[in-house]
Amino acid sequence: MIQQEIMRVISQQEIARNIYELTLEGTMVKQMNQPGQFVHIRTNPGLDPLLRRPISIAAIDQTKQQFTVIYRAEGKGTNLLAQQTENSQLNVLGPLGNGFPLNEFHPGETAILVGGGIGVPPLYELATQLHKQGVKTIHVLGFQTKEVVFYEQEFAEFGETFVATVDGSHGTKGFVTDVIEKEQLDFDGLFACGPTPMLNALQQRYKDRKGFLSMEQRMGCGIGACFACVCHVNEPVNGKDYVKVCSDGPVFPIGRVVLT
Amino acid sequence: MIQQEIMRVISQQEIARNIYELTLEGTMVKQMNQPGQFVHIRTNPGLDPLLRRPISIAAIDQTKQQFTVIYRAEGKGTNLLAQQTENSQLNVLGPLGNGFPLNEFHPGETAILVGGGIGVPPLYELATQLHKQGVKTIHVLGFQTKEVVFYEQEFAEFGETFVATVDGSHGTKGFVTDVIEKEQLDFDGLFACGPTPMLNALQQRYKDRKGFLSMEQRMGCGIGACFACVCHVNEPVNGKDYVKVCSDGPVFPIGRVVLT
Amino acid sequence: MSRLNIELPGLSLKNPVMPASGCFGFGQEFSQLYDLNKLGAIMIKATTLEPRFGNPTPRVAETAAGMLNAIGLQNPGLEGVLMNELPWLEQFDVPIIANVAGSEMDDYVEVAKEISQASNVRALELNISCPNVKKGGIAFGTIPEVAAELTKQVKDVSSVPVYVKLSPNVADIVGMAQAVEEAGADGLTMINTLLGMRLDLKTGKPILANQSGGLSGPAIKPVAIRMIHDVSQKVKIPIIGMGGIESVDDIIEYFYAGASAIAVGTLNFSDPFICPRLIEELPRKLDELQVSHISELVGRSWKTYAG
Amino acid sequence: MSRLNIELPGLSLKNPVMPASGCFGFGQEFSQLYDLNKLGAIMIKATTLEPRFGNPTPRVAETAAGMLNAIGLQNPGLEGVLMNELPWLEQFDVPIIANVAGSEMDDYVEVAKEISQASNVRALELNISCPNVKKGGIAFGTIPEVAAELTKQVKDVSSVPVYVKLSPNVADIVGMAQAVEEAGADGLTMINTLLGMRLDLKTGKPILANQSGGLSGPAIKPVAIRMIHDVSQKVKIPIIGMGGIESVDDIIEYFYAGASAIAVGTLNFSDPFICPRLIEELPRKLDELQVSHISELVGRSWKTYAG
Ligand SMILES: Cc1cc2nc3c(=O)[nH]c(=O)nc-3n(C[C@H](O)[C@H](O)[C@H](O)COP(=O)(O)OP(=O)(O)OC[C@H]3O[C@@H](n4cnc5c(N)ncnc54)[C@H](O)[C@@H]3O)c2cc1C
Ligand SMILES: Cc1cc2nc3c(=O)[nH]c(=O)nc-3n(C[C@H](O)[C@H](O)[C@H](O)COP(=O)(O)OP(=O)(O)OC[C@H]3O[C@@H](n4cnc5c(N)ncnc54)[C@H](O)[C@@H]3O)c2cc1C
Ligand SMILES: Cc1cc2nc3c(=O)[nH]c(=O)nc-3n(C[C@H](O)[C@H](O)[C@H](O)COP(=O)(O)O)c2cc1C
Ligand SMILES: Cc1cc2nc3c(=O)[nH]c(=O)nc-3n(C[C@H](O)[C@H](O)[C@H](O)COP(=O)(O)O)c2cc1C
Ligand code: FES
Ligand code: FES
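Everything numeric in this text was worked out from a predicted model, so none of it was measured.

This part covers the UniProt feature "binding site: [2Fe-2S] cluster" (unreviewed entry) in chain A. Residue and element names in this part refer to chain A. On the UniProt side, "binding site: [2Fe-2S] cluster" (unreviewed entry) is annotated at positions that read Cys221, Cys226, Cys229 and Cys246 here. The largest pairwise C-alpha distance within this set of annotated residues, which runs over 26 residues, is 10.1 Å, so the set is compact in three dimensions. For Cys229, the position within the fold is in the loop between strand S13 (211-214) and strand S14 (230-237). Tracing the backbone through its elements, the reader meets Cys246 in the loop between strand S15 (240-244) and strand S16 (251-253). Once you skip the residues sitting within four places of it in the chain, Cys246 turns out to touch Phe38, Leu96, Gly97, Met219, Gly222, Ile223, Gly224 and Cys229.

Rendered as structure tokens:
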């Protein structure tokens with residue numbers, strides 16, 4: 001059930017350059033059952049900015065009724081978000097969308113989790129939950145540069161973790177796909193979240209493998225009502241030649257969505 | 001010299017229903033030399049609301065570099081202002097306008113200070129400064145109702161203080177002009193600030209007396225550049241048939257401005 | 001005894017609040033959030049003869065107190081709406097206002113004819129003003145003679161009253177309103193979006209794939225108020241007002257200007273519960289204004305009244 | 001070596017930032033805040049033949065991310081401007097753009113002829129679009145033939161280049177721009193305000209004594225960007241852009257759209273130091289964008305360029 005809730009800020013800290021980790025508390029957390037879902041946050045109670053900001057759920061703590069998001073302070077909305085401090089109140093709509101399917105992987109199988117930049121966060125809760133069900137995970141995380149790398153240690157606790165930076169300042173120089181090839185990584189299936197060019201590269205390479213990609217689109221409503229976030233699909237789905245990222249996704253089976 | 005300064009909130013408290021007393025600190029205070037001047041406050045760093053809010057200076061403390069304003073939280077801007085707490089930062093433009101002239105009164109004379117609602121605040125600094133130069137003051141303060149009365153004690157410390165409320169819930173029932181007549185108050189001159197109908201009543205009654213009225217008008221710039229706040233004058237002033245409330249006023253000699 | 005019910009051509013509204021076309025899909029998503037029976041009416045997404053995918057993405061961009069959209073009238077087409085969307089909406093006791101769009105006059109006429117026969121469609125909203133379709137759309141909305149002709153043709157075939165949705169992108173909104181009134185329009189809805197554009201700071205290119213889009217939200221409210229104020233004094237047909245409504249105060253302002261009902265568009269995105277919230281808050285506002293029925297407020301800005 | 005200087009007809013600008021007409025008076029007030037020599041130019045308040053008091057107050061109202069004004073062209077009249085305002089401005093090394101307004105064509109012509117001869121007036125800005133004067137003004141701005149005729153007559157008498165200030169309250173801004181270009185305009189300034197209105201919640205009446213007024217501020221920026229984007233591709237004369245500018249990012253967006261210089265209006269009220277601040281911030285922004293001269297950005301939204 002989608003809820004709108006005024007949630008309390010438990011903590012917020014800058015964990016890399018302009019990258020913030022924000023933990024919120026509220027009853028909505030009960031509804032969060034799938035890694036890869038997102039929330040739609042109003043960064044200001046007024047009209048400036050007007051639209052909510054979609055941010056992926058990065059970690060869920062059901063006992064404390066808390067969840068964490070990780071985001072980059074970039075434009076107006078996320079910069080306002082970064083100003084929130086302990087006990088601030090935030091208007092959150094969620095949980096939204098369909099996340100990564102867990103039941104497609106069996107105990108003992110290996111999944112590779114590929115993240116690019118601010119696409120990395122949802123993979124963290126995914127890794128947590130895959131491990132709970134006995135799935136091994138390998139992590140390949142791509143960033144622009146050393147200063148914006150985050151959660152390398154956290155992923156390393158779950159399994160092998162490779163970092164690529166575009167400028168080579170940390171880990172392998174290049175893209176995540178370079179790492180996968182260079183390291184000749186072996187996997188039963190793949191999960192990825194990141195910029196469209198990265199997803200596109202993965203989809204082209206691994207279109208016949210078991211895999212799931214999480215997409216981004218500019219959004220209006222976030223709940224499927226405004227048709228802002230549609231993508232073409234390669235084959236009609238339920239008689240439709242498009243999907244909505246917000247309500248049909250943001251996670252889609254590899255190969256489903258037309259990426260360019 | 002008009003300054004724009006990011007000032008620090010020293011304190012804020014609700015002193016009557018929806019009436020707030022806010023004290024700010026900054027170097028701008030050095031420029032504040034006349035009771036009746038005002039500041040133009042940006043209630044939000046963003047675009048909502050866009051315009052500044054003009055608020056009169058109610059008290060000045062040169063030693064501490066602090067000044068106080070008293071305002072009613074009414075619309076969007078003043079309600080945002082009311083949310084500021086100790087150590088918040090506020091963008092203030094000021095001091096603006098020409099205040100009450102002190103040199104028109106001599107030691108031993110008696111001035112009557114007539115305030116209506118949120119027109120009362122600037123009279124407080126005025127009373128302070130008149131007393132410093134040996135002028136006696138009588139205060140007649142009009143409010144809607146008991147719950148919004150403020151500073152009655154503070155004025156009483158300077159001299160006789162009468163309160164009128166429209167609904168009769170405190171002091172005399174009726175308007176400030178009723179009090180002046182009923183009490184047959186005697187004075188050498190008059191200062192007033194309040195709603196236009198009040199100023200108009202005073203101007204009609206006392207147009208031949210020594211007196212000064214502080215006006216309100218919706219403002220754009222607050223510094224005399226946009227022509228938002230003009231009023232007609234009864235006689236041309238410096239060859240002009242109008243004055244600007246923000247830069248020529250807000251205080252004018254009684255009889256100068258056409259009030260309706 | 002309701003203080004909020006409004007009778008308009010074809011529409012018996014329990015209250016004057018409805019979602020605006022294109023901001024509410026066909027209702028299914030919002031029905032998961034609250035009971036749609038609370039709404040005065042529902043203006044469904046534009047329906048065209050054939051299914052449309054609409055424009056490439058990005059389709060939305062944010063602006064100061066507003067947003068741009070260039071959805072491009074994506075919809076499942078007349079048949080899809082008749083077969084799936086409208087029947088699904090029948091479970092609710094809420095009048096549906098069907099937003100009708102097209103590229104050619106004949107498209108409008110055909111859609112209007114068919115969709116007006118659906119049992120829960122109580123009125124049509126002729127979308128002559130969508131800035132996001134290159135062909136037809138915009139010209140229909142800016143040339144009074146063309147708008148009038150379209151209105152007439154649609155009126156001839158429609159089984160329900162026809163409201164014409166006016167574009168604000170004109171110099172003379174009153175002339176446009178009078179032209180469609182004369183052509184037989186039963187009501188007006190106003191305003192649609194203003195044409196606008198935002199550019200990407202990094203690339204220099206428009207953010208919207210369609211380049212320009214429709215500006216909506218609180219930014220345009222003063223334009224809507226002005227147009228409704230001017231038009232309502234010059235036409236006899238009722239107006240459903242919209243443009244940036246976000247509070248009961250805004251609703252009151254629209255009524256004062258001359259609207260007889262209102263629609264909420266963009267703000268459904270910032271607060272998906274806004275429509276039921278406003279409906280709930282309205283009676284207290286009427287108390288404050290000491291008004292027994294909301295219709296007393298219509299046109300107060302220009303009507304001479306005691307006091 | 002300046003990265004900000006711009007050459008336009010009649011105007012050698014040290015930088016492309018100037019205050020917009022009506023938001024800066026005749027400069028005296030702002031000169032107490034900063035050195036006016038920093039400005040690229042100054043667009044002075046509209047000058048009419050006779051002194052005007054303007055509209056009754058209230059003359060301003062606030063809107064979401066914007067404001068309405070109905071000043072009504074208050075100004076000391078041609079003689080007052082020639083005798084007091086322009087001579088005072090001579091102490092600054094800044095080109096003055098004189099905004100010219102009137103009720104009749106003859107008024108414009110007479111003001112233009114006289115004021116264009118003042119030694120520091122380097123260009124005229126024909127205010128054919130002020131929504132706040134009942135007679136003349138608005139029609140001049142919405143009928144291309146009338147606007148063209150006025151432009152021609154003013155060009156005939158003006159000693160300096162003539163920029164025409166376009167109204168956004170039209171359906172076809174490109175047609176309007178082309179009409180005045182053909183009539184001899186040397187440049188365009190755009191946009192003036194959109195027509196808007198706000199109502200007082202307590203009384204129901206318009207807040208502005210003049211009822212409606214001109215909407216300015218960030219709310220209208222997307223409308224301005226769209227119009228400049230469309231017009232700049234269809235005319236050869238340069239455009240000075242304005243509408244809600246509040247940051248260097250906004251300036252860049254206007255340049256991308258097709259403006260060759262910009263003016264700041266409403267935001268002077270929120271931040272009276274905005275013009276010198278933006279001028280100071282611009283070079284760092286150009287560094288970020290890896291651009292050596294700001295003029296390289298003009299029209300990037302529609303120009304095909306390598307990359
Ligand atoms: C399903 C989903 C999950 C996301 N998860 C995360 C996350 O976990 N961490 C994170 O840092 N970012 C995430 N993003 C991207 C994030 O939404 C944008 O970075 C953010 O909206 C930008 O807002 P702003 O205020 O910084 O920028 P502005 O420039 O002020 O934004 C203006 C408008 O554009 C939209 N916009 C701008 N960039 C994007 C973008 N990349 N994707 C979608 N809309 C955009 C904004 O939402 C807003 O409506 C996610 C996006 C989607 C769609
Ligand atoms: C010289 C001067 C001194 C003032 N001193 C005080 C004071 O000491 N204490 C106090 O409480 N109030 C004072 N006021 C009135 C105060 O400025 C308004 O109450 C305030 O601007 C309202 O803002 P808002 O956000 O509550 O209302 P909103 O309705 O959000 O205001 C919308 C717009 O209207 C303007 N506006 C609304 N009411 C007024 C008004 N009465 N006068 C001028 N502009 C108005 C606002 O400034 C804003 O631009 C003074 C006004 C002036 C002109
Ligand atoms: C995303 C979006 C889609 C829209 N689609 C339509 C549409 O299909 N048909 C239509 O007549 N108006 C459409 N509109 C315009 C709205 O119905 C409304 O007239 C306009 O947005 C002004 O109201 P608002 O400011 O409350 O959004 C759309 C608006 C938005 C924001
Ligand atoms: C208070 C005020 C007065 C104005 N007076 C004039 C004027 O005299 N002549 C004119 O051409 N434009 C006038 N304008 C319009 C501005 O010059 C400018 O075109 C418009 O406000 C858009 O820019 P902005 O959003 O930056 O304010 C005025 C605008 C405001 C806000
Ligand atoms: S954001 Fe509205 S449909 Fe996806
Ligand atoms: S407020 Fe601008 S001149 Fe007074």
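The partner chain A presents 4 residues to the 4 residues of chain B that form the contact. Buried area between chain B and chain A, summed over both chains or domains, comes out near 260 Å², and the portion from carbon and sulfur atoms is 49%. Contact with chain A buries surface across chain B, with Leu47, Asp48 and Lys76 of chain B losing the most and accounting together for 88% of the total. One can count 0 salt bridges joining chain B with chain A. Our enumeration of links across chain B and chain A arrives at 2 residue pairs in polar contact (both at pLDDT 80 or more). Broken down by class, the residue content of the side of chain B that touches chain A amounts to 1 nonpolar, 1 polar and 2 charged.

This next bit is on the site of ligand 4. All names here are of chain D. What surrounds ligand 4 is a group of 22 residues, the closest being Ser21, Lys165, Gly217, Gly244 and Thr266. Measuring from an oxygen atom of ligand 4, one finds a backbone N or O atom of Ser21 at 2.7 Å. Between ligand 4 and Thr266 there is a distance of 2.6 Å, counted from an oxygen atom to a side-chain nitrogen or oxygen. Protein chains bury 99% of the 610 Å² of accessible surface belonging to ligand 4 in isolation. Of the residues that constitute the shell around ligand 4, the class distribution is 7 nonpolar, 13 polar and 2 charged.

So, on to the site of ligand 3. Residues and elements named next belong to chain C. Taken together, 22 residues surround ligand 3, and among them Ser21, Lys165, Gly217, Gly244 and Thr266 come closest. Between ligand 3 and Ala46, the relevant distance is 3.4 Å, taken from an oxygen atom to a main-chain nitrogen or oxygen of the residue. Between Asn99 and ligand 3, the recorded distance is 2.8 Å, taken from a side-chain N or O atom to an oxygen atom. Considering ligand 3 on its own, with 600 Å² of exposed area, one finds that the protein chains cover 98% of that surface. The class makeup of the residues in the shell around ligand 3 is 7 nonpolar, 13 polar and 2 charged.

About the criteria used
- Residues numbered from 1 in each chain as written.
- Chains lettered and ligands numbered in written order.
- Predicted model: local features only at pLDDT ≥ 70, side-chain atom pairs only at ≥ 80, totals over all residues.
- Heavy atoms only, no water.
- UniProt positions renumbered as here; feature names shortened; annotations may be inferred.
- Helix = DSSP H or I, 4+ residues; strand = E, 2+ residues; numbered from the N terminus.
- Contact = heavy atoms within 4.5 Å.
- Buried area = accessible area lost by both parts, 1.4 Å probe.
- Salt bridge = Lys/Arg side-chain N within 4 Å of Asp/Glu carboxyl O.
- Polar contact = N/O pair within 3.5 Å; in protein donor to acceptor, adjacent residues only side chain to side chain.
- Nonpolar A, V, L, I, M, F, W, Y, C, P; charged D, E, K, R; others polar.
- Near = heavy atom within 4 Å.
- Areas by Shrake-Rupley, 256 points an atom, 1.4 Å probe, with all protein chains shown as cover.

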